[in-house]
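Observations on the three-dimensional arrangement
Residue-level listing of the chains:
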Amino acid sequence: MYHLECIKCGAKYGPDKVIYTCSKCGGLLDVVYDYSEIRLSREDLKGPLSVWKYKALLPVSREPVTLKEGGTPIYHLRSIGKEVGLREAYAKHEGMNPSGSFKDRGMTVGVTKALELGMKSVACASTGNTSASLAVYGARAGIPVIVLLPSGKVALGKVAQALMHGAKVISIKGNFDDALRLVRELCVENGIYLLNSINPYRLEGQKTIGFEIVDYFGWEVPDRIILPVGNAGNITAIFKGLSEMKRLGIIDRVPKMTGIQAEGSAPIAKAIKSGAASIAVEEHPETVATAIRIGDPVNAVKALNAIRASGGTAETVTDEEILAAQKMLATKEGIGVEPASAASVAGLIKLRRMGVIEKDEHVVCVVTGHLLKDPETVIKNCDKPIEVEATKEAIEKALGMKPSIASY
Ligand SMILES: *Cc1c(COP(=O)(O)O)cnc(C)c1O
Ligand SMILES: [Zn+2]
């Protein structure tokens with residue numbers, strides 16, 4: 001019912017082959033279904049949102065390794081929308097997944113696939129959330145997990161999760177791009193299943209973000225989906241999934257895929273702006289948004305196509321803009337996200353002010369991970385708690401109140 005296909009040379013591989021890139025040309029692989037065999041309509045898709053609701057478009061047949069991922073809330077951005085003059089602005093809060101990021105959508109499918117392929121252990125390189133999610137799903141499946149993290153550059157909550165859920169955590173003295181290169185070699189040479197977003201099966205799970213968005217709006221397709229871009233797997237996955245739904249006649253168009261990167265880590269946004277056919281690797285990526293601190297995005301080729309083919313765009317935002325958007329979401333909308341996630345909303349604000357986003361557009365920002373993932377950045381950017389003596393008078397004084405009558 002499906003096979004793997006190289007996006008560059010078209011070489012085909014069977015679904016049972018453990019392979020991550022084309023063995024003929026090194027190109028990225030896609031999962032390609034026999035679409036004429038898939039009977040799927042809006043009628044079949046009644047009921048609550050979840051990843052496995054869309055199993056007709058997922059490449060596994062065995063019982064899934066699941067913690068009930070997906071079904072994340074979509075919130076109307078009333079206050080931010082008003083501020084920038086955009087009535088139909090929404091955020092889909094992927095921080096509400098079991099491990100606190102959208103990576104769970106990919107891992108429920110990827111780890112299930114690992115078992116289906118008979119693999120005995122799994123591994124990944126990670127800026128944090130991939131490792132947290134893999135640790136969770138590996139624990140659920142009962143198989144060992146190895147994760148490689150760039151030393152000192154992973155948010156505290158994410159490391160805590162990887163450790164607590166029992167992954168073997170290796171901290172390497174290098175950046176994410178180094179970690180990925182090493183873990184690939186390790187996996188191929190030792191028969192370990194690699195679950196980075198280069199693995200096309202993981203992206204299949206992540207495409208359900210797009211499915212849930214159009215499903216939630218009663219199959220009315222938003223004009224634009226905005227998301228933070230690191231390795232560019234997610235933007236690619238959502239575009240692929242919605243293109244498949246269009247092909248099956250479930251929706252009639254695909255939203256403009258809009259990718260946001262941090263200024264110090266923006267190879268994709270730069271290529272889109274300059275019209276270059278491929279990216280220039282950023283050797284020393286830097287940003288406060290560690291989840292998108294990536295200089296050599298694995299899925300760059302797919303992502304450039306997704307953005308261009310959908311009529312979308314890409315933009316950069318500064319760390320200051322990211323942190324300001326994080327604070328706005330938290331204080332004006334009640335939505336708590338980690339810095340990388342706020343990049344999508346920082347991008348929304350910037351693109352609206354530039355006039356790229358028009359005032360009557362229907363826009364959905366994907367906010368990718370939970371606030372509690374990165375408590376250190378939060379503490380650094382908020383006022384400290386006010387410490388006082390344990391008396392009512394001291395509290396009132398700290399709050400700038402006049403002493404209350406009752407105390408006299
Ligand atoms: C992984 C991640 C991203 C980047 O997603 P890509 O698919 O690598 O582009 C963005 N935000 C958060 C919170 C993430 O964990
Ligand atoms: Zn090829």
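Residues numbered from 1 in each chain as written. Chains lettered and ligands numbered in written order. Predicted model: local features only at pLDDT ≥ 70, side-chain atom pairs only at ≥ 80, totals over all residues. Heavy atoms only, no water.

**Considering helix H4 (residues 156–164)**
Inclusion rule: Only protein chains enter the accessibility calculation, which uses a 1.4 Å probe; a residue whose area is less than 20% of its type maximum is buried, one above 50% is exposed, and one in between is partly exposed. Here a strand is any run of E in DSSP of at least two residues, a helix any run of H or I of at least four, and the numbering for each starts at the N terminus. Arc, as used here, means the arc of the directions from the helix axis to the C-beta atoms. Contact definition: two residues touch when any of their heavy atoms are within 4.5 Å.
Among all positions of H4, only Gly157, Lys158, Gln161 and Ala162 are buried. For H4, the buried positions fall inside an angular range of 135° around the axis, keeping them on one side. For H4, exposure combined with an orientation more than 90 degrees from the buried face picks out Leu163 and Met164. Along its buried surface, H4 packs onto helix H3 (129–141), strand S8 (168–172) and helix H13 (375–381). Positioned one or two residues after H4, Gly166 has a phi angle of 95°, which is positive.

**So, the domain arrangement of the protein chain**
So the rule is basically this: For each domain, the first and last residues come from an automatic or database assignment. What counts as a salt bridge is simple: a side-chain nitrogen of Lys or Arg found within 4 Å of a carboxyl oxygen of Asp or Glu. Any pair of N or O atoms that falls within 3.5 Å is considered a polar contact. Within protein, one atom must be able to donate a hydrogen and the other to accept it, and sequence-neighbouring residues count only if both atoms are side-chain atoms.
For the protein chain, the domain assignment lists domain 1 (1–37) and domain 2 (74–100 + 202–380). Measuring from the centre of the C-alpha atoms in domain 1 to the corresponding centre in domain 2 gives 27 Å. If you look at the interface, domain 1 gives seven residues, while domain 2 gives 10 residues. The tally of links from domain 1 across to domain 2 stands at one salt bridge. Here Lys302 ties to Asp30 by a salt bridge, and the two come within 3.2 Å at their closest N and O atoms. Our enumeration of links across domain 1 and domain 2 arrives at five residue pairs in polar contact (both at pLDDT 80 or more).

**Concerning the site of ligand 1**
Put simply, the rule is: In these notes, residues near a molecule or strand are those with any non-hydrogen atom within 4 Å of it. Using a 1.4 Å probe, accessible areas were evaluated by the Shrake-Rupley method; residue-level cover was limited to the displayed protein chains. Lining residues are those with an atom within 4 Å of a point, where the points come from a 1 Å grid over the protein atoms alone and group into cavities, where a 1.4 Å probe fits but cannot get out, or pockets, open sets with protein on both sides within 12 Å along at least five of seven lines. A molecule is counted as occupying a cavity or pocket when more than half of its atoms fall within 2 Å of that pocket's grid points. Asp, Glu, Lys and Arg are counted as charged, while Ala, Val, Leu, Ile, Met, Phe, Trp, Tyr, Cys and Pro are counted as nonpolar; the rest, among them Gly, fall into the polar class.
Of all residues adjacent to ligand 1, which total 17 residues, the nearest are Lys103, Asn129, Asn231, Ala232 and Thr368. Within the backbone of Gly233, one N or O atom sits 3.1 Å away from an oxygen atom of ligand 1. One nitrogen or oxygen atom from the side chain of Thr368 is found 2.8 Å from a nitrogen atom belonging to ligand 1. Coverage of ligand 1 by the protein amounts to 97% of the 380 Å² it exposes when considered alone. Under a 2 Å grid-point criterion requiring more than half of the atoms, the pocket assigned to ligand 1 is the largest cavity. Elements that contribute at least two residues to the shell around ligand 1 include exactly helix H8 (233–247) and helix H12 (339–353). Class assignment of the residues belonging to the shell around ligand 1 gives a composition of seven nonpolar, eight polar and two charged.

**Some thoughts on the packing of aromatic side chains**
The following threshold applies: Centre distance within 6.5 Å is the pairing criterion for rings of Phe, Tyr and Trp, where only the six-membered ring of Trp is used; planes under 30 degrees apart are then read as stacked, over 60 as edge-to-face, and the remainder as tilted. Here, a charge over a ring is recorded when the distance from Lys NZ or Arg CZ to the ring centre is within 6 Å and its angle to the ring normal is within 35 degrees.
For the structure on display, the rule yields seven aromatic pairs. Relative to Phe217, the ring of Tyr216 has its centre 4.9 Å away and its plane inclined at 90°; by these criteria the two rings are edge-to-face. For Tyr216, a relative accessible area of 43% corresponds to the partly exposed category. Residue Phe217 is classed as buried on the basis of its relative accessible area, which comes to 17%. Here the aromatic cluster, defined as three or more aromatic residues joined through ring pairs, consists of Tyr2, Tyr33, Tyr35 and Tyr201. Between Lys113 and the ring centre of Tyr201, over which it is positioned, the NZ or CZ distance is 4.5 Å.

**What about empty space enclosed by the protein?**
Formally: Grid points are joined across faces, edges and corners, and a volume is the space filled by probe spheres set on the points.
For the structure shown, the criterion picks out three cavities of 30 Å³ or more. In this model, the largest cavity occupies a volume close to 280 Å³. Taken together, 29 residues line the largest cavity, and the ones lying closest to its centre are Phe102, Lys103, Gly230, Asn231 and Ala291. The set of elements that each furnish at least two residues to the lining of the largest cavity consists of H3, helix H6 (200–206), H8 and H12.

**Quick look at the sheet that holds strand S7 (residues 145–150)**
Note the following rule: Strand pairing follows a simple DSSP-based rule, namely that at least 2 bridges must link the two strands.
Strand order in this open sheet of four strands is S8-S7-S6-S9, and the pairing throughout is parallel. Of all the strands in the sheet, just S8 and strand S9 (193–194) have a single pairing partner and so form its edges. Note that S7 and S8 share five bridges and pair parallel. Each bridged residue has a counterpart across the sheet, and for Val147 the counterpart in S8 is Val169.

**Thoughts on the packing of H3 against H4**
Put simply, the rule is: Working convention: axes come from line fits to C-alpha atoms, limited for helices to the stretch in contact. Angles between N-to-C directions cover 0 to 180 degrees. Geometric relationships in this document are graded by angle, where less than 35 degrees denotes roughly parallel, more than 145 denotes roughly antiparallel, 65 to 115 denotes roughly perpendicular, and other angles denote oblique. Here is the rule for handedness: rotate from the far helix to the near one, and if that takes an anticlockwise turn smaller than a right angle the crossing is left-handed, while a clockwise turn gives right-handed.
Two elements in contact, H3 and H4, have axes separated by 8 Å at closest approach and are oriented at 25°. Overall, the two elements H3 and H4 adopt an arrangement that is roughly parallel. Of the two elements, H3 crosses H4, and the hand of that crossing is left-handed. On the side of H3, the interface is formed by Asn129, Ser131, Ala132 and Ala135, while H4 contributes Lys158, Gln161 and Ala162. Residues of the contact of H3 with H4, tallied by class, amount to three nonpolar, three polar and one charged.

**So, the pairing of strand S1 (residues 2–6)**
A one-sided burial pattern is seen for S1, the buried positions being Tyr2, Leu4 and Cys6 and the unburied ones His3 and Glu5. Bridge count for S1 against strand S3 (residues 29–33) is five bridges, and the pairing is antiparallel. For Cys6, the partnering residue across the bridge sits in S3 and is Leu29. Strand direction decides the pairing type here: S1 and strand S2 (residues 12–13), joined by two bridges, are antiparallel. Directly across from Glu5, in S2, lies its bridge partner Lys12. Connecting the antiparallel pair S1 and S2 is a turn made up of five residues, with Gly10 showing a positive phi of about 80°.

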